[in-house]
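# Chains, contacts and geometry: an overview
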Amino acid sequence: MAKNLTRFGSLFDDTFFDDLFRPLAVRGSGEKVPAIDVHETDTEYKVSVDLPGVKKEDIQVSLENGILSVKAETRREEKEEKEGKLIRQERHIGQFLRQLSVGADVDPAAVKASFNDGVLALTLPKRAKEAPEGVNISVE
């Protein structure tokens, strides 16, 4: 009796896909959310958001009340299958939404965004720190 000596019983077995790169995280509800990296320096935050299969025109970024929102949408390709059949579909089709609290120290007017090779890069400059107001009062 021949045994399957590989850990993958079939190319389409679920364990095969479990070990591949994961561009999306999955919340407890099963909703898929884009993976992000956040880097902070003294002067700014840099955020990278993975948006595979998304077109630039389908991305919306907003910053309101200290909450950064990234919303994007992927659409199903409208093409007719003339031969064969779809065996498995794992690419996400629908909307992505990711929200981060960045607080009040970000200057909303100076935020910059670029999109290249499926990665949205955001630069969020911090506001200059204001000196605390107050005066010294001498005690007589």
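Residues numbered from 1 in each chain as written. Predicted model: local features only at pLDDT ≥ 70, side-chain atom pairs only at ≥ 80, totals over all residues. Heavy atoms only, no water.

### Side note on the sheet that holds strand S6 (residues 67–74)
Strand pairing in a sheet relies on backbone hydrogen bonds, with the paired strands running either antiparallel or parallel. Strand order in the open sheet made by the three strands is S5-S6-S7, with antiparallel pairing throughout. Edge positions in the open sheet fall to strand S5 (59–64) and strand S7 (94–101), since each of these has one partner strand only. The average angle at which neighbouring strand axes cross in this sheet is 15 degrees, direction not considered. Sheet topology note: the S5/S6 ladder contains six bridges and is antiparallel. Paired with Glu64 across the bridge in S6 is Ile67. (Pairing = 2+ DSSP bridges. Helix = DSSP H or I, 4+ residues; strand = E, 2+ residues; numbered from the N terminus. Axes fitted to C-alpha atoms, helices over the stretch in contact; angles between N-to-C directions.)

### So, the pattern of salt bridges
The tally for this structure, following the rule as stated, stands at two salt bridges. A salt bridge links Lys126 to Glu40, with the nearest nitrogen and oxygen atoms 2.5 Å apart. On the criterion of sequence distance, the pair formed by Lys126 in the segment after strand S9 (119–125) and Glu40 in strand S3 (residues 36–40) is long-range, its members being 86 residues apart. Across the salt bridge formed by Glu44 and Lys46, the nearest N and O atoms sit 3.5 Å from each other. Overall, Glu44 belongs to the buried group, its relative accessible area being 19%. (Salt bridge = Lys/Arg side-chain N within 4 Å of Asp/Glu carboxyl O. Buried < 20%, exposed > 50% of the residue type's maximum accessible area, 1.4 Å probe, protein only.)

### Considerations on the sheet that holds strand S8 (residues 112–116)
The strand order S3-S4-S9-S8 describes an open sheet built from four strands, whose pairing is antiparallel. Each of the sheet's edge strands pairs with one partner strand only, and the pair in question is S3 and S8. On average, each strand axis in the sheet is tilted by 15 degrees relative to the strand beside it, whichever way the strands run.

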